[in-house]
Amino acid sequence: MSKVEQTLSIIKPDAVERNLIEEIKSIFLKNNLIIKEDKKIQITKEEAAEFYKIHQSKPFYDALCSYLSSGPIVVMVLEGENAVSKNRKLMGATDPKNADENTIRKLYGISIDKNSVHGSDSIENAKQEINFFFKS
Ligand code: IDP
Ligand code: MG
């Protein structure tokens, strides 16, 4: 069963810095994900801490929040059939070393922390994350 869904994608600072915005967007478009919303912003560490609060008990939480707020990011709402799982598949594994060939993280990720993209991991989280950046 396929259905049209929305998911949140973020192009992280390492990829924005390397001018990979258009390359990454083209991967979504080629795979039938429409970019419904799109903005380039820089968030504060406090905002990053709120966004990533699900990870607050992890040893890498502080570094993760510092990193996401360290430079401009591009936040997007992607829409298409099975958008949540499709985006996760296009992104590849969290650690670029383990990511499949031709995934965004395999192509562009530098390391587990500088892994170029974020994507919502469930429909429920997608709704929350979209609302976080694009309040309706
Ligand atoms: P995901 O981005 O593939 O969904 P999560 O487990 O949700 O992965 O972790 C969120 C982010 O935290 C990852 O994208 C990565 O940048 C960072 N991260 C995850 N695990 C580690 C780690 O073991 N060390 C450093 N950073 C990590
Ligand atoms: Mg995650």
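With that settled, consider the nonpolar core. In terms of nonpolar packing, the biggest core is built from 18 residues, with I11, I24, F28 and I104 touching the most fellow members. Counting residues per element, the ones that place at least two in this core are α1 (13-17), α2 (21-30), β3 (73-81), α5 (83-91) and α6 (104-108). With 4 residues, the single largest contributor to this core is α2. Excluding anything up to four places from it in sequence, I24 contacts I11, A15, I104, Y108 and V117.

Its location among the elements puts T7 in strand β1 (residues 4-11). For T7, a relative accessible area of 0% gives the class buried. A distance of 3.4 Å separates polar atoms of two side chains, one belonging to T7 and the other to S120. Setting aside residues no more than four positions away along its own chain, T7 makes contact with M76, V77, L78, A83, V84, N87, S120, A126 and I130.

In this structure the tally under the stated criterion is 7 salt bridges. Across the pair R18 and D14 runs a salt bridge, and its minimum N-O distance is 2.6 Å. Residue classification places D14 among the buried positions, given a relative accessible area of 4%. Close ionic contact of D38 with K25 constitutes a salt bridge, the shortest N to O distance being 2.8 Å. You can see D38 sitting in strand β2 (residues 34-41) and its partner K25 sitting in helix α2, a full 13 residues away along the chain. Residue class for D38 comes out partly exposed when judged on its relative accessible area of 40%.

An order of β2-β3-β1-β4 is seen for the 4 strands of this open sheet, with the pairing classed as antiparallel. Each edge of the open sheet carries a strand with a single partner, namely β2 and β4 (117-119). On average, each strand axis in the sheet is tilted by 20 degrees relative to the strand beside it, whichever way the strands run. Examined bridge by bridge, β2 and β3 share 7 bridges and lie antiparallel to one another. By the bridge assignment, I34 is partnered in β3 with E79. Strands in contact with α5 are β1, β3 and β4; relative to β1, the strand with the most contacts, it is inclined by about 35 degrees.

The next thing to look at is the site of ligand 1. Around ligand 1, a shell composed of K12, H55, F60, L64, R88, T94, R105, I112, D113 and N115 is seen. Within the side chain of H55, one N or O atom sits 3.0 Å away from an oxygen atom of ligand 1. Contact distances for ligand 1 include 3.0 Å between an oxygen atom and a side-chain N or O atom of R105. Isolated, ligand 1 exposes 530 Å² of accessible area, and the fraction of that covered by the protein chains is 76%. Grouping the constituent residues of the shell around ligand 1 by class yields 3 nonpolar, 3 polar and 4 charged.

What counts, and at which threshold
- Residues numbered from 1 in each chain as written.
- Chains lettered and ligands numbered in written order.
- Predicted model: local features only at pLDDT ≥ 70, side-chain atom pairs only at ≥ 80, totals over all residues.
- Heavy atoms only, no water.
- Core = buried A, V, L, I, M, F, W, Y, C linked by side-chain atoms within 4.5 Å.
- Buried < 20%, exposed > 50% of the residue type's maximum accessible area, 1.4 Å probe, protein only.
- Helix = DSSP H or I, 4+ residues; strand = E, 2+ residues; numbered from the N terminus.
- Contact = heavy atoms within 4.5 Å.
- Polar contact = N/O pair within 3.5 Å; in protein donor to acceptor, adjacent residues only side chain to side chain.
- Salt bridge = Lys/Arg side-chain N within 4 Å of Asp/Glu carboxyl O.
- Pairing = 2+ DSSP bridges.
- Axes fitted to C-alpha atoms, helices over the stretch in contact; angles between N-to-C directions.
- Near = heavy atom within 4 Å.
- Areas by Shrake-Rupley, 256 points an atom, 1.4 Å probe, with all protein chains shown as cover.
- Nonpolar A, V, L, I, M, F, W, Y, C, P; charged D, E, K, R; others polar.

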